[in-house]
Every structure is written in C-alpha cells, then in structure tokens.
Amino acid sequence: MDKKKRMLGITCGIMTGVGWGLSGVFSQYLFSNTTMQPGWFVAIRMLLSGIGLLIYTWIVDAGSLRKMLHHKKDFIQCILAGVLGNMLFQLFCYSAVKEANAPTAIVLQYLCPVMVIIYASIRKKKLPKKLEVLSILFAVTGIFLISTHGDIHQLVLTPKALFFGVGCAFFMTLGTVIPERLYKDYSVQSITSVMLLSGGIVAVLFVQPWKNIPAMQTMDVLSLALAILFGSVLAYLTYALAIKHIGSSKASLCACAEIPIATVLSILFLGSTFEKIDFAGFVLIVSTIFLTSVKQESEVCANE
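Keep in mind that what you see is a predicted model, and the values were worked out from it rather than measured. (Residues numbered from 1 in each chain as written. Predicted model: local features only at pLDDT ≥ 70, side-chain atom pairs only at ≥ 80, totals over all residues. Heavy atoms only, no water.)

**Quick word on the pattern of salt bridges**
By the definition in use, this model includes 1 salt bridge. With a closest N to O distance of 2.7 Å, Asp-74 and Arg-181 form a salt bridge. Of this pair, Asp-74 sits in helix α3 (residues 72–99) while Arg-181 sits in the loop between α7 (159–177) and α8 (188–207), placing them 107 residues apart in sequence. On the basis of relative accessible area, Asp-74 is assigned to the buried category, the value being 9%. The partly exposed category is assigned to Arg-181, whose relative accessible area is 35%. (Salt bridge = Lys/Arg side-chain N within 4 Å of Asp/Glu carboxyl O. Helix = DSSP H or I, 4+ residues; strand = E, 2+ residues; numbered from the N terminus. Buried < 20%, exposed > 50% of the residue type's maximum accessible area, 1.4 Å probe, protein only.)

**Quick notes on the nonpolar core**
Counting 41 residues, the largest nonpolar core has Met-36, Phe-41 and Leu-224 as its most contacted members. Listed by contribution, the elements that provide at least two residues to this core are α1 (3–33), α2 (38–69), α3, α4 (102–109), α7, α8 and α9 (218–255). Here the element with the most residues in this core is α9; it accounts for 11 residues. Not counting residues within four places of it along the chain, the set of residues in contact with Phe-41 comprises Ser-23, Ser-27, Leu-30, Phe-31, Met-36, Tyr-94, Leu-224 and Ala-227. (Core = buried A, V, L, I, M, F, W, Y, C linked by side-chain atoms within 4.5 Å. Contact = heavy atoms within 4.5 Å.)

**Looking at the layout of surface pockets**
Its volume calculated, the second largest pocket comes out at about 160 Å³. Every residue lining the second largest pocket is listed: Leu-54, Trp-58, Leu-65, Met-68, Leu-69, Phe-75, Ile-79, Val-194, Leu-197 and Ser-198. Counting residues per element, the ones that place at least two in the lining of the second largest pocket are α2, α3 and α8. By residue number, the principal contributor to the lining of the second largest pocket is α2, which donates 5 residues. (1 Å grid on protein atoms, 1.4 Å probe; cavity = no way out; pocket = protein on both sides within 12 Å on 5 of 7 lines; lining within 4 Å. Points joined across faces, edges and corners; volume = space filled by probe spheres on them.)

**Observations regarding the confidence of the model for the protein**
Mean pLDDT over the protein: 85, with 95% of residues reaching 70 or higher. Note that pLDDT drops below 50 for residues 298–304; the model gives that stretch 1 contact with residues more than four away or on any other chain. (pLDDT = per-residue confidence, 0-100.)

**Some words on the environment of Met-115**
Among the secondary structure elements, Met-115 is positioned in helix α5 (residues 112–124). Other than its neighbours up to four places away in sequence, Met-115 contacts Val-166, Ala-169, Phe-170 and Thr-173.

**A short note on the packing of α1 against helix α10 (residues 258–270)**
α10 packs onto α1 with a crossing angle of 30° between their chain directions and a minimal axis gap of 8 Å. On the basis of their axis angle, the class for α1 and α10 is roughly parallel. Between α1 and α10 lies a crossing whose hand is right-handed. On α10, the residues touching Gly-17, Val-18, Trp-20, Gly-21, Leu-22, Val-25, Gln-28 and Tyr-29 of α1 are Glu-258, Ile-261, Ala-262, Leu-265, Ser-266 and Leu-270. Of the residues belonging to the contact of α1 with α10, the class tally is 9 nonpolar, 4 polar and 1 charged. (Axes fitted to C-alpha atoms, helices over the stretch in contact; angles between N-to-C directions. Parallel < 35°, antiparallel > 145°, perpendicular 65-115°, else oblique. Left-handed = near helix turned anticlockwise from the far one by under 90°. Nonpolar A, V, L, I, M, F, W, Y, C, P; charged D, E, K, R; others polar.)

Next up, the structure:
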C-alpha cells in the first residue's frame, strides 16, 4: 500500500472520529440547554447533511448515483438501510445522549460488531470462533460494568439510557448489514448520501420539526450547525476516504478517536463525571473492535 495513501487514510479515519465525537458533545449541550428533542435534532441533521452530501456526490460521482437509480431493487434497499438503519440508529443514539451523556452513548454503539458476529453466526448456522466469543464476553462484561458499576443490586444507567444505548447498536447493525451487498457495486458516498437523505425525509415527515422549533441563542444555532457540518457531512466524506485507502476494518479503528474526544470535551465543558469502573467498561466494549479487526485481518491473510 502506498505510504502517502495509507497516512491519508489514517488521518481521515481519525478526523471522522473527531467529527463524530464533536457531534455527540454538541448534541449533549443542545439537549441540556434548550428544549430541543432528539427527534428534532436527527430530522434536521439528516435532511441537511443528506442534501449536502447528495450535491457533493452528484458533482464528483454522478455515475454511481445514476447506476443506482436504474436498479430499483438496489435503490429501495439503500432507502431501507437509510430508514431502518441510519435514521433509527441516530434517533436511538441521540436519545441515549439525552438520557445519559455523549461518551456513554458512543461507547454503547460499539456493541454493533458483536451483534454483527451474532447475526453472521445465525445466518451461517455456525458457532462463533474463539476471538468472536471473546468479543461477546468483553461486550457483555462492559455493559454490566457501565450500567451497574459491578453491583448487581443497583442500576447506574437509567433503564431508558440502557435501552436507547443498546438499541442504537442494534440499528447500527441493521445499517451495516442491509446495504452490505451494495458496496460492491456503488461508491460509499453515493450509498451514504441516499441513506442520509431518505432517512432525513422520513424523519422530517414523522417529527414535523416546523411545528415545534426550539428557542435557540446564537451559541445554540452555532452548535447545531457544527454538529451537522463536522458530525455528518465532513465526517462521512472523510470516512469514505478512509475506507478507500485503508479498508473498513482499519477505518473503524481510527474512528474510535471519537470516544476520547467526546469524553474529554464532555468532562471539561459539560461537567460530565465518570468513575474508574466506567472507563474499564469503555475499554472492554471498544476492545471488541480490535478483536474483530484482528479476525478480519487474519482472514484476509489466509485468503491471499
């Protein structure tokens, strides 16, 4: 692999994580300081970022979009991924941010690889391999530590926060599995733009954000704009570049930068507090990304 392209891919992957982390913190700020609800935030965020990314994709890769429009089955599949995967994932994710905080919501979404492992095992009717079993055990233990702090008689996270956190990982899994076949025939940005726009349109129709516009000060509007710009438009573009140059496995690892970014900013600017056992749970859950990446790399080497 060309060294410059590899460094570009790593840089883009880290920038993606930074963008997602900033978006989580900005959303936590908005939910704490305004009457804004997660549904309103998701509808506006997805619609505007979907329009922006679609315009960009039409300029740089119109052929991939035209190709998808000529294959109705693929186009419908992409829309389903946008609604059942991306839209519901974001709705549950930002509901978890509101009920808990940005770092906790972000960490819980990394249960997604474990859910993909379980789905693949059921589909193939095969038991998970050793590393996959270890990933599942780490994930379950991590959830236990974050939600109870090691005491089975108490629940630190509210049931709502836990429900939305695990739910966002589930819908993230759907958003990963449903369009999986499409990535072989279409560009990442064309798939992502259609998913974001379709999810945004459905969210707007259901939420009807024009009926309940939250009162916002200048700082609030700026936070919303930055969450859309850094957390959606730029983040998805850099993630697409990262996947192109270093592959989805390494891109996911680099994007884990969102966790320390969200945690540090949440502590410094929003007053969030965590205990040592929370960080232990964070490490266990995030380690599942590394374990699944090791598995994917070993499979690639075996096939070469």
